[in-house]
Structure formats: C-alpha cells, structure tokens
Amino acid sequence: LVRLRDRLSRSQNSLGKGLLTLLSREHLDEDTWEEVEDTLLTADVGVGPTQELVERLRERVKVLGTRTPEELRGLLREELLALVGTDLDRTVHTEVEGAVDRPGVVLVVGVNGTGKTTTTGKLARVLVADGKSVVLGAADTFRAAAADQLETWGTRVGARTVRGPEGGDPASVAFDAVKQGTEASADVVLIDTAGRLHTKTGLMDELGKVKRVVEKQAPVDEVLLVLDATTGQNGLVQARVFAEVVDITGIVLTKLDGTAKGGIVVAVQRELGVPVKLVGLGEGADDLAPFEPEAFVDALVQ
Ligand code: GDP
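Residues numbered from 1 in each chain as written. Predicted model: local features only at pLDDT ≥ 70, side-chain atom pairs only at ≥ 80, totals over all residues. Heavy atoms only, no water.

In the annotation of an unreviewed UniProt entry, the chain is listed under the name Signal recognition particle receptor FtsY and assigned to Streptomyces qinglanensis. What UniProt records for the chain under Sequence similarities (unreviewed entry) is the sentence "Belongs to the GTP-binding SRP family. FtsY subfamily." (UniProt positions renumbered as here; feature names shortened; annotations may be inferred.)

See below:
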C-alpha cells in the first residue's frame, strides 16, 4: 500500500496540490470553481465525474465555514475516494472455484503499444512468485517480436510459452495454450492477444473468435483490458471499442508513472462500468501493483 502511494505520488500529486491551493483561497468565487473544474478535466477525470465532484465540493465547503488545510485535505480525500469507489471487486480472478480440474484462464486485450505483453509478463511473475504454475499463450501471431518478447518474459519468470507460426491463427494458439495448460495441470493460463485497431470488424472477428475457441475448453475467468494512462481520451475511445467486442472484467492502467493524469481511473471506470484492477508503474518486472483506491487517493492529496 505504501509502495503504490510512494510510487504514484511523484507523478500524481500535482492534481491534489492544484485542487488544495484553489480550495484554500479566501474567496471561492465562480472563477475559482471554474479553475477547480479545469484542473479536474486536465487530469482526465472526465466531464460527468468532474461536475459531480465540483457540486459536492461546493456544498461541503459552504457548510465548512473556516477552511483549514487539513480539513480541506480530508474533505477532498473523502470525495475523491467516493468517486474512485472503495467497494468494487478488484480481485484479478485467476483461481478456479470448486474442485474443477482446469487452469484459470485470463485474456489480456488492448491496443498494441499499451503494454499488454509487459503486463502479461509482470502478472505471470506475480503468480509464479505466489507458487502458481503459469502457461503463457502468445496469441499475437501478427508480430513475431511480440511472441519473442512474451517468451523472454516466460523464460525470465519460469512460465512456459505456447506460440504458433507467424501469421498463424491467433485463436488456434489460444486453444493450444489452454489445452497444454490443462494437460500440464497448470494453475493459470495467460493469453496475450493482438491489438490491431485498423479495422474494427477485423478486431471483433479475431478477439471474438479467440474467446469462443478458448471457451470450448474452459470458461474465461478474467478479461483484462490494458490501457495506456498517457493516452487520455483516445484510451477511452479504445476502451469503448474493446468493450463492444468482449466482456471486459477488469482494467489495467499502464504507464501511470509517466503521467499526472491519474483522473483517467475515474473516467474509464465510469465509461465501462468495470473496475481498474491493476496499475503499471514502470517497465520493470516488479512494476505492477494491485490498484488500491486509498493509496491512489493518498498519492493525489498528500
Ligand atoms: P504491447 O504492444 O501492448 O504488448 O506493449 P508492450 O508490452 O510491448 O509495451 C510497450 C512499451 O511500453 C514497452 O516499451 C514497455 O516497456 C512499456 N511499458 C509497459 N508498461 C509500462 C508501464 O507501466 N510504465 C512504463 N513507463 N512503461 C511501460
């Protein structure tokens, strides 16, 4: 918890500082509230959530009378926390319920370059460190480099990588990965998919097929959508496209180390109705953390 807060604070605390400075002004006039709104919008919080938050803050500050920095910080912390949500299920479901003899299956989807393969590798590392046996499926068959990259991660963390011929059928690689994972009594199969967005129909056909084919053997326990936090509104557009193709069950927000626009957490959850479950905080193997609302908000307002 402390780690996430410390790692985030460098990139994120400009939002909190900005808001606290504004709210500490002696006279909170219309212009100030507009600045509060702009600050939130600049941090990618999104229009709807921004308006809600400003309204709540206006109400609460009004009844506060005098405003000490500590009171303001506490108030802001509470309201941001409410916006981020403390009661969502943020567990990454890799465990199979009951005595079923099959691996947990996780599909990792997202646009190329967002950090899909890196996230798959980091997640494998966490699971292996947790004593689980993991099989990786390199279902991005369009880029040989992507399969190589995944295999490198596999070797590094101690997970077998199943791959197919370059240009082969992604669904068949995904099928093989689950098959081999089942035969080897693996605990978890993580499938890294292709994220070409040239044509939406192509993506739909491909991802839909990957999921259907996998489901011939085992239910998919988790579909993680990887989004690059630095892409702002573009990321939201991508999220919408993917959500039309597959049922996303969790969001991984990568590259939060490289942006002050942490508000995207709120915007994307609102957009998809799906919780942020993991965050990427760097390129290294240990730079994946569970998303903890308290730590996140603390980083914003500390
Ligand atoms: P993919 O095409 O979606 O599989 O993306 P990659 O996994 O190849 O990642 C693209 C680039 O983003 C690589 O240079 C990664 O090292 C980098 N990357 C991935 N996740 C993070 C993160 O959380 N923070 C930072 N700073 N870089 C990241």
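The next subject is the sheet that holds strand E4 (residues 188-193). An order of E3-E2-E4-E1-E5-E6-E7-E8 is seen for the eight strands of this open sheet, with the pairing classed as mixed. The sheet is open, and its two borders are formed by strand E3 (160-162) and strand E8 (288-290), each paired with just one other strand. Direction aside, the axes of adjacent strands within the sheet are offset by 25° on average. With four bridges joining them, strand E1 (residues 104-109) and strand E5 (residues 222-228) adopt parallel strand pairing. When the sheet's bridge partners are listed, Val108 is paired in E5 with Leu224. Across the sheet, helix H6 (residues 144-157) lies against strand E2 (134-139), E3 and E4, angled at about 170° from E2, the strand it touches most. (Pairing = 2+ DSSP bridges. Helix = DSSP H or I, 4+ residues; strand = E, 2+ residues; numbered from the N terminus. Axes fitted to C-alpha atoms, helices over the stretch in contact; angles between N-to-C directions. Contact = heavy atoms within 4.5 Å.)

A regular strand places its side chains on the two faces of the sheet in alternate fashion. Taken across its six residues, E2 has six buried, putting it largely inside the fold. Taking every second residue as pointing to the same face, both faces of E2 are buried, with Val134, Leu136 and Ala138 on one and Val135, Gly137 and Ala139 on the other. Both E2 and E3 contribute to a ladder of three bridges, which runs parallel. For Leu136, the partnering residue across the bridge sits in E3 and is Thr161. What joins E2 to E3 is H6, and the crossover it makes is right-handed. (Buried < 20%, exposed > 50% of the residue type's maximum accessible area, 1.4 Å probe, protein only. Right-handed = clockwise from strand over helix to strand, strands pointing away.)

Strand E6 (residues 250-254) sits mainly inside the fold: five of its five residues count as buried. Residues Gly250, Val252 and Thr254 point to one face of E6 and Ile251 and Leu253 to the other, with burial holding for every one of them. Pairing geometry for E5 and E6, over five bridges, is parallel. Within E6, the position partnered with Asp228 by the bridge is Thr254. Of the crossover connections in this fold, the one passing from E5 over helix H9 (residues 232-245) to the parallel E6 is right-handed. Here three bridges tie E6 to strand E7 (residues 276-280), and the two strands are oriented parallel to one another. Bridge pairing in E7 links Leu253 to Val279. The parallel pair E6 and E7, bridged by helix H10 (residues 264-272), forms a crossover whose chirality is right-handed.

Within the secondary structure, Lys211 sits in helix H8 (residues 200-215). Not counting residues within four places of it along the chain, the set of residues in contact with Lys211 comprises Leu107, Val220, Val223 and Val246.

Contacts to the ligand come from 18 residues, most closely from Gly113, Thr117, Thr118, Asp257 and Glu283. Contacts to the ligand include Lys255, whose backbone N or O atom sits 3.0 Å from an oxygen atom. Protein burial of the ligand: of its 580 Å² of free accessible surface, 80% is covered by the chains. Per element, the largest residue contribution to the shell around the ligand is four residues, and it comes from helix H5 (residues 116-129). Tallied by class, residues from the shell around the ligand come to two nonpolar, 10 polar and six charged. (Near = heavy atom within 4 Å. Polar contact = N/O pair within 3.5 Å; in protein donor to acceptor, adjacent residues only side chain to side chain. Areas by Shrake-Rupley, 256 points an atom, 1.4 Å probe, with all protein chains shown as cover. Nonpolar A, V, L, I, M, F, W, Y, C, P; charged D, E, K, R; others polar.)

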